[in-house]
Amino acid sequence: MKKVLSLMLAGIALLANQSHSVTFFADNFEARGSSGATTLSSPWEMNKEVFTSSGTYINGYYPGTTFGPNAIVEGGAGGSAFSGKVYPDYGYAPDWQPGNQVAVSLLVTKVGLTAQDISPGVIQFDFDYLRDNPVGSNAQAYGFVKLLSPTWETWATNVFNLAASGDWLHGSAKMTFADLGAVGANLQWGIVVSDVDYGGGAGVLIDNVTVSNVPEPTSASLLGLGLAGLLASRLRRRS
């Protein structure tokens, strides 16, 4: 009897996990670094924004692909050879007036989401990261996924705040789609760092980037998991 129930449990578990994610972007920076590159290039872009202490936008640039604080550096997650780095752009002195905040993004854009891209229900941005440690008193850093309309208006943003631990950590940010209304919209993902008054300690290394469309649990999957739990519970009571 237990053998039969075990086979039933295995079949239900297979049903519950029959869907799988599809990765449509990945970068571990190894090929870029080994080719002798030091500056990140397409599809990575830079976005710089400068604000006053009251939050008023002053200036910036987008896209930046061959200048600014983007780099391929030695050393990555898990002892790998290379990673990407982003830090606030100190290159233009007038931006750094007292109290000004400078924010720089290292990002990738997917233009024109298709029904196939979003039909699983969730797009997930996964990455390993290492923050400067100690962190400056005004330094901020987070990973993000942003959904923009076909005319580049921001529809939704999901962020993951980056902790400082002195070691590599894993981060993840998701964009959830309730329906197919986002077909034709644009998706961005990446890292944002910001600082005030040359505070320092705002840099971030990033590695092992993947972006996948992840299926949400289907009704059949949820039912299968429920039956599996019920059968497991009965087995425990009988043994």
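Residues numbered from 1 in each chain as written. Predicted model: local features only at pLDDT ≥ 70, side-chain atom pairs only at ≥ 80, totals over all residues. Heavy atoms only, no water.

A. Inspection of unusual backbone geometry at higher detail. A cis amide bond links S42 with the next residue in sequence, P43, at an omega value of 10 degrees. Locating P43 in the fold gives a position in the loop between α2 (30–34) and β2 (45–51). In this model, Y62 is joined to P63 through a cis peptide bond whose omega is -10 degrees. Structurally, P63 is set in strand β3 (residues 57–64). In this structure, F29 is a non-glycine residue whose phi angle is positive, near 70 degrees. Secondary-structure assignment places F29 in the loop between β1 (22–27) and α2. (Helix = DSSP H or I, 4+ residues; strand = E, 2+ residues; numbered from the N terminus.)

B. Representation of the pattern of salt bridges. A full pass over the atoms with the stated rule returns 4 salt bridges. Linking D27 and R32 is a salt bridge whose minimum nitrogen-to-oxygen distance equals 2.8 Å. D27 gets classed as buried once you look at its relative accessible area, which sits at 10%. The class for R32 is buried, based on a relative accessible area of 18%. D117 is the salt-bridge partner of K110, the closest N and O atoms lying 3.7 Å from each other. Judged by relative accessible area, which is 10%, D117 ranks as buried. Linked by salt bridges that have partners in common, K48, D89 and D95 make up one network. (Salt bridge = Lys/Arg side-chain N within 4 Å of Asp/Glu carboxyl O. Buried < 20%, exposed > 50% of the residue type's maximum accessible area, 1.4 Å probe, protein only.)

C. Geometry of the sheet that holds strand β9 (residues 154–161). Here we have 6 strands laid out as an open sheet, ordered β3-β2-β6-β11-β8-β9, and antiparallel in their pairing. In this open sheet, the two edge strands, each paired with only one partner strand, are β3 and β9. The average undirected angle you get between the axes of adjacent strands in this sheet is 20 degrees. In this structure, β2 lies alongside strand β6 (residues 101–110), joined through 7 bridges in antiparallel fashion. When the sheet's bridge partners are listed, E45 is paired in β6 with L107. (Pairing = 2+ DSSP bridges. Axes fitted to C-alpha atoms, helices over the stretch in contact; angles between N-to-C directions.)

D. Quick peek at the confidence of the model for the protein. Per-residue pLDDT for the protein has a mean of 82; in total, 81% of the residues score no lower than 70. Across residues 2–18, where pLDDT falls below 50, the model places 18 contacts with residues more than four positions away in sequence or in other chains. Here residues 219–228 is a poorly scored stretch, pLDDT under 50, and it has 10 contacts once near neighbours within four places are set aside; other chains count. (pLDDT = per-residue confidence, 0-100. Contact = heavy atoms within 4.5 Å.)

E. How the structure looks around the packing of aromatic side chains. Inspection of every chain in the model, using the stated rule, returns 9 aromatic pairs. With 5.9 Å between their ring centres and 50 degrees between their planes, F127 and Y129 make a pair best called tilted. Grouping residues by exposure puts F127 and Y129 together as buried. What links up through ring pairs into an aromatic cluster is the set F24, F25, F29, W44 and W189. Above the face of the F24 ring, K110 is positioned so that its terminal group lies 5.0 Å from the ring centre. (Phe/Tyr/Trp six-rings, centres within 6.5 Å; stacked < 30°, edge-to-face > 60°. Lys NZ or Arg CZ within 6 Å of the ring centre and 35° of its normal.)

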